[in-house]
Amino acid sequence: MEAVLKSRDGSLTFFNQEFGECYHSLKDGAYTETLHKHILPPILFANSLQKPCLKILDICFGLGYNTFTTAIEYRKMGYKGRIEIFSPEKDRGVFEKILALKYPCELLGLDIAKIIHTLQSTNNISGTSSASSVFITPHTSLELFIGDARDYFHQFSDGSMDIIYQDAFSPRVNPDLWDKEYFLELFRLSHSESIITTYSTNTEIFLNAKNAGFLVYKYNSKHTRKSTLFLKTPLAEHKDLSLWG
């Protein structure tokens, strides 16, 4: 198994040997990056707490930080609606990594080991693509798809996602999940009020997203390095946001 690494905020992550990258930014911190680059922007800028049901596409599941933190943070903020999270992941080895990882105290309200054991017990172990589901909390469900993300997208109707966490490994090592054709598919899955979050600040990625039809906003959070939001509808002016291009 790959080495466990401690990030800046003390939360732990792994280095992925296949892609040659960490699952999270060591400089920002695994938990801090998750919270401020992915979970909070839809709450701050897309009124997600006001919606009775949220459908979230978490690309890719990895160590589960985005999914687990979503469940905890929305519950902490008093959200009463239903959250449905859909997440593709190619690496069956993430189950072993997750079970070996000590998660930050902010996530201790979840029985992560039980969640993973349930997913393992219902997942197809034949090596073919398959999906398994579990309730993380009484009002938050997760469908985990083991297989290629682009294959997974075909089952979803146009405009079906409220939030997309674009958190794949970088364009340098995983270009298929960052090219224009990929963003065209995200555009199909998004409705007029959807929001896509990502850590990437790569100009080529901005162009791919813009050419697919998205507005590109640079987000300057005081808690992390800069990140990016993609939307179909303009956001209200905010001191931490700037429209690119």
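Structure first, text after, so check above.
Not measured: the values here are computed from a predicted model.

Cut-offs and rules
Residues numbered from 1 in each chain as written. Predicted model: local features only at pLDDT ≥ 70, side-chain atom pairs only at ≥ 80, totals over all residues. Heavy atoms only, no water. Salt bridge = Lys/Arg side-chain N within 4 Å of Asp/Glu carboxyl O. Helix = DSSP H or I, 4+ residues; strand = E, 2+ residues; numbered from the N terminus. Expected span 1.5 Å × (residues − 1). Bend = angle between axes of the 7 residues up to and from the residue. Phe/Tyr/Trp six-rings, centres within 6.5 Å; stacked < 30°, edge-to-face > 60°. Buried < 20%, exposed > 50% of the residue type's maximum accessible area, 1.4 Å probe, protein only. Lys NZ or Arg CZ within 6 Å of the ring centre and 35° of its normal. Right-handed = clockwise from strand over helix to strand, strands pointing away. Pairing = 2+ DSSP bridges. Core = buried A, V, L, I, M, F, W, Y, C linked by side-chain atoms within 4.5 Å. Contact = heavy atoms within 4.5 Å. Axes fitted to C-alpha atoms, helices over the stretch in contact; angles between N-to-C directions. Arc of directions from axis to C-beta. Polar contact = N/O pair within 3.5 Å; in protein donor to acceptor, adjacent residues only side chain to side chain.

A. Local environment of the pattern of salt bridges. What the rule picks out here adds up to 11 salt bridges. Between Arg188 and Asp158 there is a salt bridge; the shortest N-O distance is 2.8 Å. Here Arg188 is found in helix 6 (residues 180-189), whereas its partner Asp158 is found in the loop between helix 5 (149-153) and strand 8 (161-166), with 30 residues between them in sequence. Between Arg188 and Glu185 there is a salt bridge, with its nearest N and O atoms 2.8 Å apart. Of the two residues, Arg188 and Glu185 both sit in helix 6, 3 residues apart, roughly one turn of that helix.

B. Structural view of helix 1 (residues 30-45). In this model, helix 1 (16 residues) spans 22 Å end to end at C-alpha, consistent with the 22 Å of a helix rising 1.5 Å per residue. Along helix 1, the sharpest kink reaches roughly 40 degrees, centred on Ile39 and followed within four residues by the proline Pro41. Looking one or two places after helix 1, you find Asn47, whose phi comes out positive at around 55 degrees.

C. Looking closely at the packing of aromatic side chains. Applying the stated rule across the entire model yields 17 aromatic pairs. With a centroid separation of 4.7 Å and 25 degrees between ring planes, the pair formed by Phe19 and Phe169 is classed as stacked. Within this pair, whereas Phe19 is found in the loop between strand 2 (12-16) and strand 3 (21-22), its partner Phe169 is found in the loop between strand 8 and helix 6, the two being separated by 150 residues in sequence. Taking 5.5 Å as the distance between ring centres and 75 degrees as the angle between the ring planes, the aromatic pair formed by Tyr74 and Tyr79 counts as edge-to-face. The exposure class of Tyr79 is buried, given its relative accessible area of 10%. The ring of Phe187 is capped by Lys232, whose NZ or CZ atom sits 4.0 Å from the centre of that ring.

D. Representation of the pairing of strand 5 (residues 82-89). The buried count for strand 5 comes to 7 of 8 residues, which makes it a mostly enclosed element. Handedness of the β-α-β unit built from strand 4 (residues 53-59), helix 2 (residues 65-76) and strand 5 comes out right-handed. With 7 bridges joining them, strand 5 and strand 7 (residues 140-146) adopt parallel strand pairing. The partner of Ile83 across the bridge, within strand 7, is Thr140.

E. Just the nonpolar core, in detail. Leu63, Tyr65, Phe68, Tyr74, Tyr103, Leu119 and Leu229 are the most contacted members of the largest nonpolar core, which totals 50 residues. Take this core: its biggest share by element is 7 residues, from helix 1. Not counting residues up to four positions away in its chain, the partners in contact with Tyr74 are Ile39, Pro42, Ile43, Ser48, Leu49, Leu54, Tyr79, Ile83 and Ile163. Within the second largest apolar cluster, 27 residues are counted, among which are Leu57, Tyr152, Met161 and Ile164.

F. Spotlight on the sheet that holds strand 6 (residues 130-137). An order of 6-7-5-4-8-9-11-10-12 is seen for the 9 strands of this open sheet, with the pairing classed as mixed. Each edge of the open sheet carries a strand with a single partner, namely strand 6 and strand 12 (241-244). On average, adjacent strands in this sheet sit at an angle of 20 degrees to one another, irrespective of strand direction. As paired elements, strand 9 (residues 190-198) and strand 11 (residues 227-231) share 4 bridges and run antiparallel to each other. By the bridge assignment for strand 11, Ile195 is matched with Leu231. In this fold helix 4 (residues 112-122) packs onto strand 6 and strand 7, with an angle of close to 155 degrees to the strand it touches most, strand 6.

G. The environment of Ile196, seen in detail. Tracing the backbone through its elements, the reader meets Ile196 in strand 9. In this structure, the C-alpha to C-alpha distance between Ile196 and Leu186, residues 10 residues apart in sequence, is 8.7 Å. With sequence-adjacent residues up to four places away left out, Ile196 is seen in contact with Ile164, Gln166, Leu186, Ser190, Phe214, Thr228, Leu229 and Phe230.

H. Here's a closer look at helix 7 (residues 203-211). Listed in full, the buried residues belonging to helix 7 are Ile205, Phe206, Asn208 and Ala209. The buried residues of helix 7 occupy an angular sector of 165 degrees when the element is viewed end-on, so they sit on one face. Away from its buried face, by an angle of more than 90 degrees, helix 7 presents the exposed residues Glu204 and Asn211. Contact partners of the buried residues in helix 7: helix 6, strand 10 (215-219), strand 11 and strand 12. Among the residues of helix 7, the N-terminal cap falls to Asn202, whose side-chain oxygen and the backbone nitrogen of Glu204 are separated by 2.7 Å. Among the residues trailing helix 7, Gly213 stands out with phi positive, at a value near 115 degrees.

Honestly, it's all geometry; don't read function into it.
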